Structure formats: structure tokens, C-alpha cells
Amino acid sequence: PAGAESPLVAYARAINLQAGDVQGLTLRDAAGTVLATNRSAALDRAKAQTIMFVGRKAPPGGWSRGRYEADYAVERLGKVVLQRRWSWSWSAASAP
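1. Topic: the packing of aromatic side chains
For step 1, the next point in the chain: Counting across every chain of the model gives 2 aromatic pairs.
For step 2, the next point in the chain: Between Y11 and F53 the ring centres are 5.9 Å apart and the planes differ by 35°, which places this aromatic pair in the tilted class. Taken as a pair, Y11 in strand β1 (residues 8-17) and F53 in strand β4 (residues 47-56) lie far apart in primary sequence, 42 residues in all.
For step 3, the next point in the chain: With a centroid separation of 5.9 Å and an interplanar angle of 80°, the aromatic rings of W63 and Y68 are classed as edge-to-face. Assigned by exposure class, W63 and Y68 land together as buried.

2. Describing unusual backbone geometry
For step 1, the next point in the chain: Positive phi outside glycine occurs at N16, with the angle close to 60°.
For step 2, the next point in the chain: When you line up the elements, N16 lands in strand β1.
For step 3, the next point in the chain: Classification of N16 by relative accessible area gives exposed; the value is 60%.
For step 4, the next point in the chain: With a phi close to 55°, L77 is a non-glycine residue in the positive phi region.
For step 5, the next point in the chain: On the secondary structure map, L77 appears in the loop between β5 (66-76) and β6 (79-90).
For step 6, the next point in the chain: Judged by relative accessible area, which is 85%, L77 ranks as exposed.

3. Here's the deal with the side chain of T26
For step 1, the next point in the chain: Position of T26 among the secondary structure elements: in strand β2 (residues 22-28).
For step 2, the next point in the chain: Relative accessible area serves as the criterion here: at 14%, T26 is assigned to the buried category.

4. Describing the nonpolar core
For step 1, the next point in the chain: Counting residues in each nonpolar core, the largest one holds 19 residues, and the members touching the most others are L8, L27, Y68 and Y72.
For step 2, the next point in the chain: Of all elements in the fold, only β1, β2, β3 (34-39), β4, β5 and β6 reach the threshold of two or more residues within this core.
For step 3, the next point in the chain: Here the element with the most residues in this core is β1; it accounts for 5 residues.
For step 4, the next point in the chain: Once you skip the residues sitting within four places of it in the chain, L27 turns out to touch L8, A10, T33, V34, L35, A36, V54, G55, E69, A70 and W88.

5. Concerning the environment of E75
For step 1, the next point in the chain: Within the secondary structure layout, E75 lies in strand β5.
For step 2, the next point in the chain: Distance from E75 to P60, taken between C-alpha atoms, is 36 Å for residues 15 residues apart in sequence.
For step 3, the next point in the chain: Not counting the four nearest positions on each side in its chain, E75 is found in contact with G20, D21, V22, R39 and V80.
For step 4, the next point in the chain: Here R39 takes part through its side chain, which lies 3.2 Å from a polar atom of the side chain of E75.

6. Digging into the side chain of D21
For step 1, the next point in the chain: Of note, D21 is situated in the loop between β1 and β2.
For step 2, the next point in the chain: Residue classification places D21 among the buried positions, given a relative accessible area of 0%.
For step 3, the next point in the chain: Within the structure, the side chain of D21 is placed 2.8 Å from the backbone nitrogen of Q18, a separation counted as a polar contact.
For step 4, the next point in the chain: If we ignore the near neighbours within four places in the chain, the residues touching D21 are A41, A42, L43, V74, E75 and R76.

Procedures and definitions
- Residues numbered from 1 in each chain as written.
- Predicted model: local features only at pLDDT ≥ 70, side-chain atom pairs only at ≥ 80, totals over all residues.
- Heavy atoms only, no water.
- Phe/Tyr/Trp six-rings, centres within 6.5 Å; stacked < 30°, edge-to-face > 60°.
- Helix = DSSP H or I, 4+ residues; strand = E, 2+ residues; numbered from the N terminus.
- Buried < 20%, exposed > 50% of the residue type's maximum accessible area, 1.4 Å probe, protein only.
- Core = buried A, V, L, I, M, F, W, Y, C linked by side-chain atoms within 4.5 Å.
- Contact = heavy atoms within 4.5 Å.
- Polar contact = N/O pair within 3.5 Å; in protein donor to acceptor, adjacent residues only side chain to side chain.

Here's what the structure looks like:
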């Protein structure tokens, strides 16, 4: 993110997904509250690559300081076959 007033966006790029795979991407704030989530429909066919986004506009006054997380998962036949989590922090140096 560019600053505390900027939208908060996470994305995931996946390769070699199979027909029937379902992707999910969730964005959480510093308190662990879900800010946004995106869950795909089952893929109709195999895909060489896909990209998924999730995001939210900044609240009035900007984002609170703290650690933010994004979780990405791929389900195949009802079981999670891939899961990744990444995080970033707003600190006094990066937030107004």
C-alpha cells in the first residue's frame, strides 16, 4: 500500500489449476476482522494461470496501525490442496 488513505488490495496468481478447483482469498485487518473476501466458482476447465483480487477502500481517517493479513487457498474435491498467508504492517514510519 502507498499510504494509510490508499485502498488495501491483495492478489494471488496461481498456475496449473484443475477443473473443479475453488479459490478463496480473504483480507483481514489488524484486529483479525475480515475486511473482504472473494471466493470463486468451481473452475469449468483446467487453467494455465489465474489471478484473484480482493480489496477495500480505506476507512475515514485511513487504516489503523498494525499487522494486516491475506489468506489464499485452493480447494480440490472438498480438500484444501494449497494455502498461503502473507502479512504486512502499518507502523509509525509508514502511516501518517
